[in-house]
Amino acid sequence: MSIDYLELNAWHKRQATLLYHVASMPYIKGLVERIDALIAFTDGLLEERADLDTAGRALANWRPIDTAGHFSTYAYPALVDFRENVVKSIALRSFEQYRTAGQDQCSRMLDEYAHQMIWASREQEDEFRHLTESVFRYAGLLSDVMYRPSTLDDFSFWSLWQEKKHLFPRIPRFRVRTDVVGVSDQTPPRTGVYVPQEDPMAALQFAWTGGFGELGSTYTLSDFGRLALDRVGRSGLWSNAAGLHALIGEPIHRDLPDIDDVDRANVSLAPSAVSREGFEGRPCKWYFVEMMNDAYEDIDGSYAGTASTAACTRPHRMEAGKRVPQDGWWYTPAQMGSRRYFKKDDRFPELRGSDYGNVLWIWSPDQSGPKL
């Protein structure tokens, strides 16, 4: 049986890159290295400052909670437990099981038992908190990807791309496997990244087969989100703060429940405000996104590439027999040289004598007419 390989659009390629990066073994091992560095720093700090406990109690009226000994007994074990949880997560990947990092539990323990570090100098306390915040941010990204059900949307990925794009002067090549199909609320057939079948603005997800890794609903643009897309275009969505600020300031949008006067008073808050109103969850069918070994493509560093708004709002693959959603050039992998121009509301044709299976017509990246 031949396999229908489809190509991701520009922003879906960025999403797949980020998901496979965060889900990779090097990433989670990097988390262990960061926790080890934090524990080593804390060991040295406790060794240096523990002798002050006696003097602090005698001369400065320290309570038990103010001592390095109290920190060692109640706060320090949270760091060790955090590390052990991540190491266990690495081991579970042999069974196709993935988990969140557990940084929230560690953070709560530190907040409760290390809320003040009188036994340390101000510089040492600041360094400890800087290191923990850095580790928790790194771990938090892993947890965001593995959290079930997934809540990642296009704004989440856009924000993350702005932070991480310096890591990717080029990105892996991907191909969409239409023979590997997943369904929302079900365990996927393979561990990896999945793309919604028919919605170019819906967000990708990472899912796994070893338990509690089901694909959820995808988050895609709501009616208000599509209005924002129409106003600022694909390249301006999330980056054009002024355009989005103008949109939420219009009288017709004054009653949106998730946007308040603080958002309307600050231009820089407009993208996040629009994102709160701009998405809705939808169950869907998914295709597996395969990362090709040792194959890469150069990119311009942008999130959305050069796609037009029209390319975002129409389905980019349609079954034969369906009505054409938009004038343009389409092709089918089921037949060589099949690129054809269809008008809106025409019907995509079946292919006589084809043993290809379900015939899909795909929006052509090249919308120019034939060359003479």
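Before reading on, note that the structure itself is shown above.
Values in this document were obtained by computation on a predicted structure and should not be read as measured data.

### Things to note about the overall build of the protein chain
Helices and strands together make up the secondary structure of the protein chain, namely 12 helices and 11 strands. A principal-axis box enclosing the C-alpha atoms of the protein chain has dimensions of 90 × 55 × 35 Å. Here the protein chain, with 372 residues, has 48% of them falling under the buried criterion. When contacts within the protein chain are restricted to residue pairs at least 6 apart in sequence, those whose partners lie at least 24 apart make up 72%. For the protein chain, the accessible area works out to roughly 18,800 Å², and carbon and sulfur atoms hold 50% of it. Computing the positive centroid from 42 side-chain charges and the negative centroid from 52, the protein chain places the two 7 Å apart.

### A word on the nonpolar core
Formed by 93 residues in total, the largest nonpolar core has its most connected members in Leu31, Phe71, Phe82, Trp119 and Phe206. Core analysis: the second largest hydrophobic core is formed by 10 residues, Met318, Ala320, Leu351 and Trp363 among them.

### Structural notes on the sheet that holds strand 2 (residues 170-183)
With antiparallel pairing, five strands are arranged side by side in an open sheet as 1-2-7-3-4. Across the chains shown, the open sheet's two edge strands, defined by having one partner strand only, are strand 1 (5-6) and strand 4 (205-207). Relative to strand 7 (residues 285-298), strand 2 is paired through 10 bridges, and the arrangement is antiparallel. In the sheet register, valine 183 faces strand 7, and the bridge partner there is lysine 285.

### What to know about the environment of arginine 340
Mapped onto the fold, arginine 340 is located in strand 10 (residues 340-342). Under the relative-accessibility criterion, arginine 340 is labelled partly exposed at 41%. As a C-alpha pair, arginine 340 and tryptophan 363 span 23 residues in sequence and 10.0 Å in three-dimensional space. Setting aside its immediate chain neighbours within four residues, arginine 340 contacts Gly328, Trp329, Trp330, Pro349 and Trp361.

### Regarding the pattern of salt bridges
Here the structure, examined in full by the defined rule, presents 17 salt bridges. A salt bridge links aspartate 154 to arginine 234; its shortest N-O distance comes to 2.8 Å. On the criterion of sequence distance, the pair formed by aspartate 154 in helix 7 (residues 154-164) and arginine 234 in helix 8 (residues 223-236) is long-range, its members being 80 residues apart. Residue aspartate 154 is classed as buried on the basis of its relative accessible area, which comes to 0%. We classify arginine 234 as buried; its relative accessible area is 2%. Measuring nitrogen to oxygen at the nearest pair gives 2.6 Å for the salt bridge that ties glutamate 280 to arginine 282. The class for glutamate 280 is partly exposed, based on a relative accessible area of 31%. For arginine 282, a relative accessible area of 31% gives the class partly exposed.

### Brief notes about helix 7
Listed in full, the buried residues belonging to helix 7 are Asp154, Phe155, Phe157, Trp158, Leu160, Trp161 and Lys164. Buried residues along helix 7 sit against helix 1 (10-22), helix 6 (122-146), strand 2, helix 8, helix 11 (270-277) and strand 6 (279-282). Between a side-chain oxygen at the N-terminus of helix 7 and the backbone nitrogen of phenylalanine 155 the separation is 3.1 Å; the capping residue is aspartate 153.

### Brief notes about unusual backbone geometry
A cis amide bond links arginine 148 to the next residue, proline 149, at an omega of -10 degrees. Mapped onto the elements, proline 149 comes out in the loop between helix 6 and helix 7. With phi around 75 degrees, aspartate 185 is a residue other than glycine that occupies positive phi space. Locating aspartate 185 in the fold gives a position in the loop between strand 2 and strand 3 (192-196). For aspartate 294, which is not glycine, the phi torsion reads 55 degrees and is therefore positive.

Criteria and cut-off values
- Note on numbering: residues in each chain are counted from 1, in written sequence order.
- Totals for whole chains, interfaces and linings use all residues, but because this is a predicted model, local features are given only for residues with pLDDT of at least 70 and pairs of side-chain atoms are given and counted only at 80 or more.
- The side-chain figures draw on all heavy atoms in the structure; neither hydrogens nor water molecules are used.
- In DSSP terms, a helix is any run of H or I states spanning at least four residues, a strand is any run of E spanning at least two, and both are numbered starting from the N terminus.
- Remark: exposure states derive from per-residue accessible area (1.4 Å probe, protein chains only) relative to the maximum for the residue type, with buried under 20%, exposed over 50%, and partly exposed in between.
- Whether two residues touch is decided by their heavy atoms; if any such pair falls within 4.5 Å, the residues are in contact.
- To measure how exposed things are, a 1.4 Å probe is used in the Shrake-Rupley method; for residues, cover is taken only from the protein chains shown.
- The convention is simple: Lys and Arg are positive, Asp and Glu are negative, and His and the chain ends are not counted.
- Where a charge lies is defined by one atom per residue type: Lys uses NZ, Arg uses CZ, Asp uses CG and Glu uses CD.
- Among the buried residues, those of types Ala, Val, Leu, Ile, Met, Phe, Trp, Tyr and Cys that are joined through side-chain atoms within 4.5 Å form a nonpolar core.
- What makes two strands pair is DSSP finding at least two bridges between them.
- Only one rule defines a salt bridge in this text: a Lys or Arg side-chain nitrogen within 4 Å of an Asp or Glu carboxyl oxygen.
- Whenever a nitrogen or oxygen atom comes within 3.5 Å of another N or O atom, the pair is scored as a polar contact, on the condition that within protein one atom can donate a hydrogen and the other can accept it, and that pairs from neighbouring residues in sequence are kept only if both atoms are in side chains.

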